[in-house]
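Below are the chains, spelled out letter by letter.
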Amino acid sequence: MAFPKKKLQGLVAATITPMTENGEINFSVIGQYVDYLVKEQGVKNIFVNGTTGEGLSLSISERRQVAEEWVTKGKDKLDQVVIHVGALSLKESQELAQHAAEIGADGIAVIAPFFLKPWTKDILINFLKEVAAAAPALPFYYYHIPALTGVKIRAEELLDGIQDKIPTFQGLKFSDTDLLDFGQCVDQNRQQQFAFLFGVDEQLLSALVMGATGAVGSTYNYLGKKTNQMLEAFERKDLSLALNYQFCIQRFINFVVKLGKKLKVSKNQRALPLEDCLSHRTLNY
Ligand SMILES: CC(=O)N[C@H](C=O)[C@@H](O)[C@H](O)[C@H](O)CO
Ligand SMILES: CC(=O)C(=O)O
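Per-chain numbering applies: the sequence of each chain, read as written, is numbered from 1 onward. Lettering of chains starts at A and numbering of ligands starts at 1, both following the order in which they are written. At least 70 in pLDDT is required for a residue's local features to be given in this predicted model, at least 80 for side-chain atom pairs to be given and counted, and no such filter applies to totals for whole chains, interfaces and linings, which use all residues. Excluded from the side-chain calculations are hydrogens and water; all other atoms, namely the structure's heavy atoms, are used.

## Quick word on the overall build of the protein
Reasoning step 1: Scanning the protein from terminus to terminus reveals 12 helices and eight strands.
Reasoning step 2: Of all 285 residues assigned to the protein, the portion counted as buried reaches 50%.
Reasoning step 3: Contact between two residues is taken to exist if any of their heavy atoms lie within 4.5 Å; hydrogens are not considered. For the protein, the share of sequence-separated contacts (at least 6 apart) that also reach a separation of at least 24 residues comes to 73%.
Reasoning step 4: In the structure as shown, the protein presents an accessible area of about 14,100 Å², 52% of it carried by carbon and sulfur atoms. A helix here means a DSSP run of H or I that spans at least four residues, while a strand means a run of E at least two residues long, and both kinds are numbered starting from the N terminus. Think of it in three bands: with a 1.4 Å probe and only protein chains considered, a residue is buried below 20% of the maximum accessible area for its type, exposed above 50%, and partly exposed in between. The method behind every accessible area is Shrake-Rupley, applied with a 1.4 Å probe, and residues are considered shielded solely by the protein chains displayed.

Dropping the structure here:
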């Protein structure tokens, strides 16, 4: 494989892992899911077995099978398939990294170990380095999600000199609202060709202003098309239109956040904010 690979940019959907009613993985729908993302959402990159995909709640064997199915079904349809291979056990993480390389994935991502946590930057880097070394031909992304891992080492510090330690380092998936940290990651690494992928979908526009080169998120499964319109407006420097799209997306996410655990919408409930957003009515400028 030529290295570095083509830069990961634009939207990346963090895929849901489809399950049957018995809690088994429903592999049979993954092919359709790929077609849906590409055709209906205009999203051609995926992030598998991450937070949304409940990767850390799956067994290693399930994670391997899920990764394989997405790569197989995405072949010639998707641009890039990134597999999240983070785990508490370094050995398991390395096994998953090696497996991702064997099946032909386009990259791997790793979160910080979150039980016995690394307490310094160097400890974290050493862990990431060992995982990355198990797949030396694959682009490596650090997945920064401090609210869930509890590892609060600033991404900006972690990135300082990271390619000396991890030659395959290609970018950062930043799932936090600290735009000072995110902005400094971009600012201090302008010479590199890193991908800066933002992971808080409701704030993507702010991150684009800070220099995000793409985004990984759960909502791109169903708001991919809308978010792509926001990216296009931003690209054209039409900030007021881009902001209208971001507000629309925020109204949707806010509605979902408020539903909280009662996520089931009854059949006859009129989910107004969703309808306004999805029907293109409010966005017919
Ligand atoms: C914690 C979490 O799952 N974050 C996702 C990705 O990092 C986001 O895509 C959110 O689901 C999204 O921003 C909605 O809050
Ligand atoms: C959003 C995301 O990147 C994840 O689910 O891991």
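## So, the UniProt feature "active site" (unreviewed entry) in the protein
Reasoning step 1: Mapped onto this structure's residue numbering, the UniProt feature "active site" (unreviewed entry) falls at Tyr143 and Lys173. Taken together, the annotated residues stretch across 31 residues yet fold into one region, lying no more than 4.7 Å apart by C-alpha.
Reasoning step 2: By secondary structure assignment, the location of tyrosine 143 is in strand β5 (residues 140-144).
Reasoning step 3: Residue tyrosine 143 is classed as buried on the basis of its relative accessible area of 3%.
Reasoning step 4: What tyrosine 143 contacts, discounting residues up to four positions off in sequence, is Phe47, Thr51, His84, Val110, Ile111, Ala112, Lys173 and Ser175.
Reasoning step 5: Within polar-contact distance, the side chain of tyrosine 143 engages the side chain of threonine 51 at 2.5 Å.
Reasoning step 6: Within the secondary structure, lysine 173 sits in strand β6 (residues 169-174).
Reasoning step 7: Excluding anything up to four places from it in sequence, lysine 173 contacts Phe47, Tyr142, Tyr143, His144, Leu197, Gly199 and Val216. UniProt positions are given in the numbering used here, feature names are shortened, and annotations may be inferred rather than shown by experiment. Within 3.5 Å is the distance limit for a polar contact, defined as a pair of N or O atoms, with the added protein rule that one can donate a hydrogen and the other accept it, and that residues adjacent in sequence qualify only through two side-chain atoms.

## Some remarks on the site of ligand 1
Reasoning step 1: A single heavy atom is enough: if one lies within 4 Å of a molecule or strand, its residue is considered near that molecule or strand. Taken together, Thr51, Tyr143, Lys173, Ser175, Gly199, Val200, Asp201, Glu202, Gly217 and Ser218 make up the full set of residues adjacent to ligand 1.
Reasoning step 2: Within the contact set of ligand 1, an oxygen atom lies 2.8 Å away from a side-chain nitrogen or oxygen of serine 175.
Reasoning step 3: Within the backbone of aspartate 201, one N or O atom sits 3.0 Å away from an oxygen atom of ligand 1.
Reasoning step 4: Within the complex, the protein chains bury 73% of what would otherwise be the 390 Å² of accessible surface of ligand 1.
Reasoning step 5: Partitioned by chemical class, the residues of the shell around ligand 1 number two nonpolar, five polar and three charged. Only Asp, Glu, Lys and Arg are considered charged in this grouping, and only Ala, Val, Leu, Ile, Met, Phe, Trp, Tyr, Cys and Pro are considered nonpolar; every other residue, Gly among them, is considered polar.

## A word on a nonpolar patch on the surface
Reasoning step 1: For patch detection, residues must exceed 30% relative accessible area and be free of salt bridges, and they are connected within 9 Å for like charges or within 5 Å for nonpolar side chains (Val, Leu, Ile, Met, Phe, Trp, Tyr). What makes a salt bridge here is a side-chain nitrogen of Lys or Arg within 4 Å of a carboxyl oxygen of Asp or Glu, nothing more. Together, Leu88, Phe115 and Leu116 give the surface a local cluster of nonpolar side chains, amounting to about 380 Å² of exposed area.
Reasoning step 2: The topology assignment puts phenylalanine 115 in the loop between β4 (107-110) and α4 (121-133).
Reasoning step 3: A relative accessible area of 63% means that phenylalanine 115 is categorised as exposed.

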